[in-house]
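Listed below are the residues making up each chain.
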Amino acid sequence: QVQLRESGGGLVQAGGSLRLSCAASGRPFSSRVMGWFRQAPGKERDFVSAIGWNSDTIDYADSVKGRFTTSRDTAKNTVYLQMDSLKPEDTAVYYCAARLGWRGRSTPGNYDYWGPGTQVTVSS
């Protein structure tokens, strides 16, 4: 089992920044692909970003490219999502997730473990 817990969400004005953290415990964290997803009310859960086990491979949704940055600290078993230039449309519950393998990284159903989520609200 892998346990994940997000933190760092909150309320921010448009143009502001937030940094989300996802702390992992349980089975080895270092070998897993870590993904970030978000879900707005009444909408599907959407891919935001993913980072490979060695941080050499990183992918972003087009909607966040150039504004969001994901990174991981294997020593701390933590993955981060730095969100800059936030927009009201970024408002959602943000989830981190873990899986083995890079292929299929943007599909929520391919992830084995999920955190409970953290709310991000961007006011206009």
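As the structure is a computational prediction, the values presented were derived from the model and not from experiment.

Colleague: Tell me about the environment of Ser-71, residues and numbers included.
Modeller: Its place among the elements puts Ser-71 in strand E7 (residues 68-73). Residue Ser-71 is classed as partly exposed on the basis of its relative accessible area, which comes to 32%. A C-alpha to C-alpha distance of 19 Å links Ser-71 and Pro-108, two positions 37 residues apart in sequence. Those residues in contact with Ser-71, other than ones at most four positions away along the chain, are Ile-51, Val-79 and Tyr-80.

Colleague: Break down the side chain of Arg-72 for me, citing the residues and quoting the values.
Modeller: Along the polypeptide, Arg-72 turns up in strand E7. Asp-73 provides the closest opposite charge to the buried, unpaired Arg-72, separated from it by 8.5 Å. Within the structure, the side chain of Arg-72 is placed 2.9 Å from the backbone oxygen of Gly-52, a separation counted as a polar contact. Residues in contact with Arg-72, not counting those within four places in the same chain, are Phe-29, Ser-30, Arg-32, Val-33, Met-34, Ile-51, Gly-52, Trp-53, Ser-55, Thr-78 and Val-79.

Colleague: So what's going on with the environment of Glu-89? Residues and values would help.
Modeller: Along the polypeptide, Glu-89 turns up in the loop between strand E8 (78-83) and strand E9 (92-99). Residue class for Glu-89 comes out exposed when judged on its relative accessible area of 57%.

Colleague: Quick rundown of the pattern of salt bridges? Include the residues and the values.
Modeller: Overall, the coordinates contain four salt bridges when judged by the stated rule. Residues Asp-90 and Arg-38 are paired through a salt bridge, measuring 2.8 Å at the closest nitrogen-oxygen approach. Of this pair, Asp-90 sits in the loop between E8 and E9 while Arg-38 is found in strand E4 (residues 33-39), placing the two residues 52 residues apart along the sequence. Considered together, Asp-90 and Arg-38 belong to a single accessibility category, that of buried residues. A salt bridge links Lys-65 to Asp-62, with the nearest nitrogen and oxygen atoms 3.2 Å apart. Of the residues examined, Lys-65 reaches a relative accessible area of 47% and is grouped as partly exposed. For Asp-62, a relative accessible area of 65% gives the class exposed. Connected through shared salt-bridge partners, Arg-38, Arg-67 and Asp-90 make up one network.

What counts as what
- Residues numbered from 1 in each chain as written.
- Predicted model: local features only at pLDDT ≥ 70, side-chain atom pairs only at ≥ 80, totals over all residues.
- Heavy atoms only, no water.
- Helix = DSSP H or I, 4+ residues; strand = E, 2+ residues; numbered from the N terminus.
- Buried < 20%, exposed > 50% of the residue type's maximum accessible area, 1.4 Å probe, protein only.
- Contact = heavy atoms within 4.5 Å.
- Lys, Arg positive; Asp, Glu negative; His and termini not counted.
- Salt bridge = Lys/Arg side-chain N within 4 Å of Asp/Glu carboxyl O.
- Polar contact = N/O pair within 3.5 Å; in protein donor to acceptor, adjacent residues only side chain to side chain.

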